[in-house]
Amino acid sequence: AWRASPRESSSILAMVDVAVCFSMCSACETGRPPPCCPNSTRWNWPEMMLVARTFVLMLSAPAAVFFFLVCPELSRRLSPAVLYAGIALYMCSSTALLLTAFFDPGTIPAAIEKPPRGTPNKREAVVRGRTFQLKLCVTCGIYRPPRSSHCRECNRCVEKWDHHCPWVGNCV
């Protein structure tokens, strides 16, 4: 019986992962691999668990308490519309959480080659008659636009970066 060596089995698994990726999203040639792609550094298992934890603990558990304990009494006393309003609010909140967690927050693509040593840390750019100072991101090898910053958690530069939210596992 033929047995794959550890090196062969890892390459076989990588080929299977790529095949699954192509069947699901077929976008690896774009230069920005989607989260399902094995070449993507965007998502990993702990971040997915953070999103699941947030979804269960902060949305689904309170919603279950509301729908099973509070809503029947309120629907009977006030109106059946309380149930429909609760369902609508739960759906809006769930959609907002999932969109925040899984959409790109404005990633700036990194340079293919890192800048040579001695490259100035700041550069001025003129946009619509206004002068801006662009800072060099040493990790990504690019000059960042104003209001952008490098996220240590995601290891990428993000436009209009405020913070990396641990509840959704994404930059906000």
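Residues numbered from 1 in each chain as written. Predicted model: local features only at pLDDT ≥ 70, side-chain atom pairs only at ≥ 80, totals over all residues. Heavy atoms only, no water.

Q: Would you take a moment to explain the sheet that holds strand 3 (residues 130–137) for this structure?
A: Strand pairing in a sheet relies on backbone hydrogen bonds, with the paired strands running either antiparallel or parallel. The strand order 2-3-4 describes an open sheet built from 3 strands, whose pairing is antiparallel. Of all the strands in the sheet, just strand 2 (122–127) and strand 4 (142–144) have a single pairing partner and so form its edges. This sheet shows a mean twist of 40° between the axes of neighbouring strands, independent of strand direction. Pairing between strand 3 and strand 4: 3 bridges, direction antiparallel. Bridge assignment links Cys-137 to a residue of strand 4, and that residue is Ile-142. (Pairing = 2+ DSSP bridges. Helix = DSSP H or I, 4+ residues; strand = E, 2+ residues; numbered from the N terminus. Axes fitted to C-alpha atoms, helices over the stretch in contact; angles between N-to-C directions.)

Q: Would you take a moment to explain the sheet that holds strand 6 (residues 156–158) for this structure?
A: Within the open sheet, the 3 strands sit side by side as 1-6-5. Their pairing is antiparallel. The open sheet terminates on both sides in strands that have one partner only, identified here as strand 1 (107–108) and strand 5 (149–151). As judged from the 3 bridges shared by strand 5 and strand 6, these two strands associate in the antiparallel manner. Paired with Cys-151 across the strands is Arg-156, a residue of strand 6.

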